[in-house]
Structures are given as C-alpha cells and as structure tokens.
Amino acid sequence: MKLFCVFSIRSLLIIFSLGLLSACGDNSSDSAGAPVVTPPAAEPPASGPAEGPEEPDEPDEGFTTSEIKKFNSPWAMTFLPDGRLLVTEMAGTLHVYDPTANKIGNISGVPEVVHAGQGGLGDVVLHPQYATNSLVYISYAESGEGGSGAAVARARLALDDTGNGALEDLKVIWRQTPKVSGDGHFGHRIAFDRDGMLWISSSERQKFDPAQDMNANLGKMVRLNDDGSIPADNPFTDQGEIAAQVWSLGHRNILGLAFDADGRLWAHEMGPKGGDELNLIEKAANYGYPLVSNGVHYDDKPIPDHSTRPEFRAPLITWTPVISPAGFIIYNDNLFQQWNGSGFIGGLSSESLVRVEFNGDTAREAERFDMQRRIREVEQGPDGAIWLLADGTRDGEGWLLKLTPNQ
Ligand SMILES: [Ca+2]
Ligand SMILES: [Ca+2]
C-alpha cells in the first residue's frame, strides 16, 4: 500500500513534468517569433446530435476567397450585361474590367471630382433598361460655393472595340444642398427599385442638424425619377423644392442600400461611436439622427438611445462595437444555396463580411466572416459568386475579390 502510494505520486510527477515540457515547447515556438499559421483542422463530429443536415463537415467559412485584380482605393462596382465590371476608384477613374480576359480599360468623361477624405468618385449603377438605352449613373464629390457636396450624373456609356469607353452626354441630375466644409459623410450610394425609381443616400456631411432640416437634403434618403425629376407621390412635395426629393429623414452616413425580393428597401448606416444601424426604409419616416442614436458622440458626449423617443423609427439591428458598414447586397442566387435571401454587408473597420438573415420585418446578424481587409463594396456576379472590393486604405492595395463555394 505504501509502495503503491509512492509509485502513484511519482507517476503524477512524471506526468506533470511532461505536461510542463509540452507546454514550454508550444510557447517557445511562439516566442521564437516564427508563428506557424495552421489552417483550422477538420474537427471530428462532436458527440451527441451533431449529425444535423445543416452541419458543415469542416469549421471553415464554406467559401474560397480569390484575389482577382488590384485597384487603387476602389469604391464601387457594377456588372454589365456582358459580364464585365465597371469599377470606380476614389481619385476619379472609372474602369471597365473583363474578368474572363483579365483585361482592364478606362472610361473617359468622368467629371472632375474632389478627392479628399471620404470624398471622390463614388458609386456607379446601370439604368434598369441599360441594355437598350446604355445609361449609367455615377456619384461623386464636387466643389462649389460653400465647400463640397455629392452629385449624381447620368450619361450614356459608349464602349469601344479596344476595351475602353467614354461617358457621353453627361448631365448632373442631383446635388447635395447645401454644400458645406469638410470631407466626410457624402453617402451617395445609388440604387434603382423595380419600378424604375432612383434612390440616393445623402449623408449628413458630419453636420448633424441638417438630417432634421427639410430645407437641406443632407441626412436624407432621396427618391427621384430616372431623369432626376421629382415623383408626384413623394411624401413631402408640399414643403418646397428640396423637401420634395425626400423619402425619409434623420439619417447619418448611409453607404449601402439593397432591395429585397418583396421590393422593400433596406439601408445600413454608420453610427457615431457605437450604434451602427440596419433600417427598413419607409415613406416619410424619421430615423432619429442626431436626436437619438444607440451610440455616443466621438467625444463621449451621450446621445439619447432610440428607446427614449419611440416616435423615431428604431433600427432593426444595431451594432456596438461598430462594424463600419459599406456596400450591401441581398443575395438571390443558388450558387450559395444556403444563403439565398441573406443580406451581405461589407465592414470597413471590422474588416469583415456580415451575413444578415431577414424574417418578415425583422433582421439579425447571422454570421460574420473575418476578411482581414476593409470591405467597401459587395456585388453578386452573373454566375452567383459574391464579389467584394477591399479598399486598401490602410495597406495601399485595394483588391477585387471573388468568393466561390468550396467544392
Ligand atoms: Ca455596386
Ligand atoms: Ca437611427
């Protein structure tokens, strides 16, 4: 009995020592400054009811990310019917890129843009009848009396045989009013709905109060006819020329718009310090900024929460800490079958791609993929792949990325 006890203690000591050695071994490889990046191992199926049909075999993301083409601070993209891409770069260049031939061309005729801070060449979208009228819309920051502001122009895209092209008969159809100082929060995302109406996110230029002022179109969601004229059924047509453009108000900085299969408009917006939002956009609704926000000001000055003022439309998702949302699609293809109907939102500071699930009038963050790059723009390709633009602001290298399913 006594012998057995001694043996047992010795065994424990040996096991303990081995454990320490083994731990030291792991730590020394870390402290030697040669970290080994190991891909996540395929985990054996967990015990218990883990054989569910939705369970992936591997704890991976289910997709492969491919670097397709480098761009210099890219901001937005859209697919042409022939599978080529229009890509904007903030400094003022509009490219046409052919992914099949890996050939890049330039589109001339882009107006002079103010490239400073968050300003520059912004969005690019096609007219819903582009196939017959060749009309494209671009947004950009321009200078003028009082400072700068976003503008939206419409032009005919003439593509030539050399893989280049030109914007012809360009006409500015909308401007932020008033122009103000500073280089932030232009917004200027553009989208068409299925009725052919043109939607523009007009952010509040970091000036706060204009978001509640109906004599300014800053901090508003704007709805126009495709030629920039004002639809008769806009909600504030009796309140003057500027208010007549407005569909909803009380917005901060909207860098993503998407329509769902039912034609409803969803928009995310950047909160201040905390309080990023996903909103369902409704006619004449007031989304509360700067009177309420689930974040606080950058100097930590509090802002009352949405819950204190129920007359303002509350966000359906709120993010604190922030994701810094930019770019937005609601996916509607079967290449990623499990994601048909999901929203995908790029994250700048969060360097992520956020998947959102919708359920009626509610939404929730379902998944977040670590992309390790600032994601500025999201598009669905003609083959159902998900395409991203990483803006490269921090490392000087922007990338067009393509996500395809594993296997
Ligand atoms: Ca786009
Ligand atoms: Ca809000």
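Above this text sits the structure in question.
The shown structure was predicted, so the numbers you read here are calculated from the model rather than taken from an experiment. (Residues numbered from 1 in each chain as written. Chains lettered and ligands numbered in written order. Predicted model: local features only at pLDDT ≥ 70, side-chain atom pairs only at ≥ 80, totals over all residues. Heavy atoms only, no water.)

Asks: Even after reading the chapter, I still don't get the overall build of the protein chain, so can you show me in this structure?
Replies: A count of helical and extended segments in the protein chain gives two helices and 24 strands. For the protein chain, the proportion of its 407 residues judged to be buried stands at 48%. Partitioning the intrachain contacts of the protein chain with sequence separation of at least 6 by distance along the chain shows that 55% fall at a separation of at least 24. In the form shown here, the protein chain has an accessible surface area of approximately 19600 Å², with 51% of it arising from carbon and sulfur atoms. (Helix = DSSP H or I, 4+ residues; strand = E, 2+ residues; numbered from the N terminus. Buried < 20%, exposed > 50% of the residue type's maximum accessible area, 1.4 Å probe, protein only. Contact = heavy atoms within 4.5 Å. Areas by Shrake-Rupley, 256 points an atom, 1.4 Å probe, with all protein chains shown as cover.)

Asks: Explain the sheet that holds strand β19 (residues 343-347) here, please?
Replies: The strands that make up a sheet are held in pairs by hydrogen bonds between backbone atoms, and each pair lies either parallel or antiparallel. Spatially, the four strands line up as an open sheet ordered β18-β19-β20-β21, and their pairing is antiparallel. This sheet does not close on itself; its edge strands, each paired only once, are β18 (325-330) and β21 (362-370). Across this sheet, the average inter-strand angle for adjacent strands is 25°, counted without regard to direction. Where β18 lies against β19, five bridges are found, and the strand directions are antiparallel. Bridge pairing in β19 links P325 to G347. (Pairing = 2+ DSSP bridges. Axes fitted to C-alpha atoms, helices over the stretch in contact; angles between N-to-C directions.)

Asks: Can you help me understand the pairing of strand β8 (residues 147-159) in this one?
Replies: Regular strands place their side chains on alternate faces of the sheet. Sheet analysis places strand β7 (residues 135-144) next to β8, joined by 10 bridges and oriented antiparallel. Residue pairing in the sheet places A141 in a bridge with A150 of β8. Counting the residues in the hairpin turn of β7 and β8 gives two residues, including G146, whose phi is positive at 100°. Pairing between β8 and strand β9 (residues 165-175): eight bridges, direction antiparallel. Residue pairing for β9: A151 is matched across the bridge by R175. Counted between consecutive antiparallel strands, the loop separating β8 from β9 contains five residues, among which G163 sits at a positive phi close to 85°.

Asks: Looking at this structure, I do not really get the nonpolar core. What am I missing?
Replies: Soluble globular proteins tend to pack their nonpolar side chains together in the buried interior. Ranked by size, the top nonpolar core spans 19 residues in total, and within it L86, L94, I138, L157 and L167 carry the most contacts. Of all the secondary structure elements, the ones that give two or more residues to this core are β4 (93-98), β6 (121-126), β7 and β8. Take this core: its biggest share by element is four residues, from β8. Dropping the residues within four chain positions of it, L157 is found in contact with L80, L86, I107, Y130, S134, V136, A166 and L167. Listed in part, the 17 residues of the second largest apolar core include F63, W339, F344 and L403. (Core = buried A, V, L, I, M, F, W, Y, C linked by side-chain atoms within 4.5 Å.)

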